Amino acid sequence: MNLRTKYAIFKTITVVLGAFSIPWSTYVGFCFGDGRFVEGMVALSIQTVVALVDGFIWCWVLENMKNRLDERQHENSG
């Protein structure tokens, strides 16, 4: 799998995770507001893991994009 395909897949994953995070956080708020603290804690824990995975994916994409840009600038300057 080439790098461009990986970027496209990871970009799609981060968009989907971001789209689910808003209703998921609303659900977490309703759980705590309704007094369902155990269910709220489980949902909040899952949301935290999803946010961490999303953040690591996005950082990987940005680092690889930066490395590619640095390589191209180095090639063009020489």
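Attention here is on the structure that accompanies the text.

Definitions and cut-offs
- Residues numbered from 1 in each chain as written.
- Predicted model: local features only at pLDDT ≥ 70, side-chain atom pairs only at ≥ 80, totals over all residues.
- Heavy atoms only, no water.
- Helix = DSSP H or I, 4+ residues; strand = E, 2+ residues; numbered from the N terminus.
- Rg over C-alpha atoms; globule rule 2.2 N^0.38 Å.
- Buried < 20%, exposed > 50% of the residue type's maximum accessible area, 1.4 Å probe, protein only.
- Contact = heavy atoms within 4.5 Å.
- Areas by Shrake-Rupley, 256 points an atom, 1.4 Å probe, with all protein chains shown as cover.
- Lys, Arg positive; Asp, Glu negative; His and termini not counted.
- Charge placed at Lys NZ, Arg CZ, Asp CG, Glu CD.
- Patch = residues over 30% accessible without salt bridge, like charges linked within 9 Å, V, L, I, M, F, W, Y side chains within 5 Å.
- Salt bridge = Lys/Arg side-chain N within 4 Å of Asp/Glu carboxyl O.
- Expected span 1.5 Å × (residues − 1).

## Some points on the overall build of the protein chain
- If you tally the helices and strands in the protein chain, you get two helices and zero strands.
- Relative to the 2.2 N^0.38 estimate, which gives 12 Å for 78 residues, the radius of gyration of the protein chain is 18 Å and therefore markedly larger than a compact globule would have.
- For the C-alpha atoms alone, the extent of the protein chain along its principal axes is close to 65 × 20 × 15 Å.
- For the protein chain, with 78 residues in total, the buried portion stands at 13%.
- A separation threshold of at least 6 residues defines the contact pool for the protein chain, and within that pool the share at least 24 residues apart is 51%.
- In the form shown here, the protein chain has an accessible surface area of approximately 6,100 Å², with 68% of it arising from carbon and sulfur atoms.
- Put simply, the protein chain has 7 plus and 7 minus side-chain charges, and the middle of one group is 8 Å from the middle of the other.

## As for a nonpolar patch on the surface
- Residues Trp24, Tyr27, Val38, Val42, Ile46 and Val50 make up a contiguous nonpolar surface patch of about 510 Å² in total accessible area.
- At the level of elements, helix H1 (3–33) and helix H2 (37–77) are the ones that each hand at least two residues to the nonpolar patch.
- In terms of residue count, the dominant contributor to the nonpolar patch is H2 (four residues).
- Along the chain, the position of Val42 falls in helix H2.

## A look at H2
- With 41 residues, H2 ought to run about 60 Å at 1.5 Å a step, and its terminal C-alpha atoms sit 59 Å apart, in line with that.
- Gly40, Ala43, Gln47, Ile57, Val61 and Asn64 are the residues of H2 that are buried.

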